[in-house]
Amino acid sequence: MDYDYHNMRMMHRNNYEKSTTKYRQKLLLLKQMIRECVHENAALVDELEEVQVNIIIRKEERKFLLRKLCEYEPQIALEVQNAAKDGPVSRPNNVDSKKPRKKAHLNSAERRPSLLKSRKTTSKNKKKIVQPIPVDNNGRPVFPLELGRLTVHSLGEVVSDRMEFHSEDAIYPVGYVSTRFYGSLKDPTQKCMYTCKISDINDAPRFEIASDDNCPSIVGDTPDVCHSLLLQKINDSLSLNVVSTRPRGNDFFGLTHPIVLHLLQSSPGTRKCIYYKWTKFEVSKSADAYAEDNDAALSFEHLQRCINFCKYKMAPDVLQKPDDFGDSKDGIQMF
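Residues numbered from 1 in each chain as written. Predicted model: local features only at pLDDT ≥ 70, side-chain atom pairs only at ≥ 80, totals over all residues. Heavy atoms only, no water.

Labelled according to an unreviewed UniProt entry, the chain appears under the name Transforming growth factor beta regulator 1, originating from Exocentrus adspersus. Within the UniProt record for the chain, the comment given under Subcellular location (unreviewed entry) is "Nucleus". (UniProt positions renumbered as here; feature names shortened; annotations may be inferred.)

(A) Structural view of the sheet that holds strand E5 (residues 191-201). In space, the six strands of this open sheet follow the order E2-E3-E4-E5-E6-E7, with antiparallel pairing throughout. Two strands close off the open sheet at either side, each with one partner strand: strand E2 (145-147) and strand E7 (218-220). Shown here is a sheet whose adjacent strand axes are inclined to one another by a mean of 25 degrees, direction ignored. One ladder, built from seven bridges, connects strand E4 (residues 177-183) with E5; its direction is antiparallel. Following the sheet pairing, Val 177 is matched in E5 by Lys 197. Helix H4 (residues 223-238) contacts E4, E5, strand E6 (204-211) and E7 of the sheet and is inclined by roughly 145 degrees relative to E7. (Pairing = 2+ DSSP bridges. Helix = DSSP H or I, 4+ residues; strand = E, 2+ residues; numbered from the N terminus. Axes fitted to C-alpha atoms, helices over the stretch in contact; angles between N-to-C directions. Contact = heavy atoms within 4.5 Å.)

(B) Layout of the packing of aromatic side chains. For the coordinates displayed, the defined rule picks out six aromatic pairs. Between Tyr 182 and Tyr 194, the aromatic rings sit 6.4 Å apart at their centres with planes inclined by 65 degrees, giving edge-to-face as the arrangement. Taken as a pair, Tyr 182 in strand E4 and Tyr 194 in strand E5 lie far apart in primary sequence, 12 residues in all. Between Tyr 276 and Trp 278 the ring centres are 6.1 Å apart and the planes differ by 75 degrees, which places this aromatic pair in the edge-to-face class. Of the aromatic side chains, those joined through ring pairs into one cluster are Tyr 172, Phe 207 and Phe 253. The ring of Phe 252 has Arg 180 sitting right over it, with the charged end atom 5.2 Å from the ring centre. The residue whose ring lies beneath Arg 271 is Trp 278, and the NZ or CZ to ring-centre distance is 3.9 Å. (Phe/Tyr/Trp six-rings, centres within 6.5 Å; stacked < 30°, edge-to-face > 60°. Lys NZ or Arg CZ within 6 Å of the ring centre and 35° of its normal.)

Below is the structure:
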């Protein structure tokens, strides 16, 4: 009896070891498949970000070439301005090219009152109230100008005779200098001061983002190019896609801040910037403080939240759940 009982125990033990070995192999296989999927997804995300950066660069190059062409061909510049005012006009292929022009001219003439009316209504809606800033005895702003996370050290000079130095949403004055704190390129969990500058190189604007941690400066033809490269380097330093590389260069430079726009619009020559959309401002002491955007691409504090959230998602069993778990999802690009 003892011999039979011993044999039965050995048989059960062997069956148990075989079943556990089989499930261990399945578990290892699943882990390997998950690891391969994660690496493949990460490679696809990196490739997608490179394509997005190239698209942004190509768009800016196309705008630059169009501006250069408008400088050498005044007729094309007039056509571009008319197209911007009247909007795109569709032409049928089977109709003579002269007839659609007359029809487009009539349509633009008919639409002109409604366009003027809509522009007036939008200009009224765009009126913004800003807080007063410290000025000297001559009424000039006192620098450096502290605007929350942004510090403006110099407004520079508005260049109105060249279209490259302004857009619909922002003005790019030569000599503009601003600073803000953001994550370091060496260690994004450490705070680093970035200096944003605008200069004039070969009759074209040059945008630069320089850090105080001895990293190479980031230079580009537009603020968006510089900002996108900065965000990509932040992700590369962490080896994770923590923050989206969708650029917000004008906001990072501080060019869209209401007080900065108000000061630039008060500068001489701004009225000659034909592509810039004017915004009405009113200075009042009762104005509310400017609500800064809590975006991980602009704020150091929210960048840290994204980093902590991303680390927690990678190892939820090891790391403690962040306190701001619900607010950290914005701006994160997980794979």
